[in-house]
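Each chain, letter by letter, is given below.
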Amino acid sequence: SLGATVSLLAAARQPQVRAVIAQSPFISLRAVVRYYAWRFFMLPPPVAMLGIRFFELVTGARAGDVDVARAVAGLATTPVLIIGSPHDRQVPYAWLQQLHALLPTSELVTGPYGHDDGTNMDVSDDGDVEHGLAFISAALAAPSAASSE
């Protein structure tokens, strides 16, 4: 999820990126902190937001810089394969659906696994591996938006 989020944020800033596969990315740092604080620690959203503000004051970082929903405008022409599951307890499936709706060139692949189970897929798991390989092959075979500029 963190790697998928960072990949989307980086790709949005790099026009030479030809495609992204993102497994269970989160929508924003604020959303993930609110969600985790409540789901796993029963801390109400105002407490979570105070924690974010404290983090910003101490580190000088800005939580708004980790906002995939805002950054995906930079991926309007980049193929994105979003992989996730309604059974994922760590990243709500609604976030994946929201990203999919924001990305006109995205595909959303839903699997039967939980958050970490998707990395243990083998070739027989409903063709997910084959789908990912075909996605990358097609993206690499297509003309690059960066090379046509």
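Our structure is the block above this text.
Residues numbered from 1 in each chain as written. Predicted model: local features only at pLDDT ≥ 70, side-chain atom pairs only at ≥ 80, totals over all residues. Heavy atoms only, no water.

Peer 1: Is there a simple way to explain the packing of helix α2 (residues 29-41) against helix α3 (residues 45-59) in this structure?
Peer 2: If you want to describe how two helices pack, look at the angle between their axes and the distance between the axes. Running from amino to carboxyl end, α2 crosses α3 at an angle of 130 degrees, the nearest separation of the two axes being 9 Å. As summarised for this structure, α2 and α3 are arranged oblique, according to the angle between their axes. Of the two possible hands of crossing, α2 and α3 adopt the one that is right-handed. On α3, the residues that touch Leu29, Arg30, Val33, Arg34 and Ala37 of α2 are Pro45, Ala48, Met49, Ile52 and Glu56. Class assignment for the residues of the contact of α2 with α3 results in 7 nonpolar, no polar and 3 charged. (Axes fitted to C-alpha atoms, helices over the stretch in contact; angles between N-to-C directions. Helix = DSSP H or I, 4+ residues; strand = E, 2+ residues; numbered from the N terminus. Parallel < 35°, antiparallel > 145°, perpendicular 65-115°, else oblique. Left-handed = near helix turned anticlockwise from the far one by under 90°. Contact = heavy atoms within 4.5 Å. Nonpolar A, V, L, I, M, F, W, Y, C, P; charged D, E, K, R; others polar.)

Peer 1: Would you mind going over the sheet that holds strand β2 (residues 80-84) with me for this structure?
Peer 2: Remark on secondary structure: sheet strands pair via backbone hydrogen bonds, oriented parallel or antiparallel. Spatially, β1-β2-β3 is the arrangement adopted by the 3 strands of the open sheet, whose pairing is parallel. Looking at the sheet topology across the chains shown, the edges are occupied by β1 (20-23) and β3 (106-110). Between one strand axis and the next, the sheet turns by 15 degrees as a mean value, whatever way the strands run. Note: β2 against β3, 5 bridges, orientation parallel. Pairing of Ile83 across the sheet is with Val109, part of β3. The strands touched by helix α1 (residues 2-13) are β1 and β2; relative to β1, the strand with the most contacts, the crossing angle is about 150 degrees. (Pairing = 2+ DSSP bridges.)

All quantities given are derived from atomic positions and should not be read as evidence of function.
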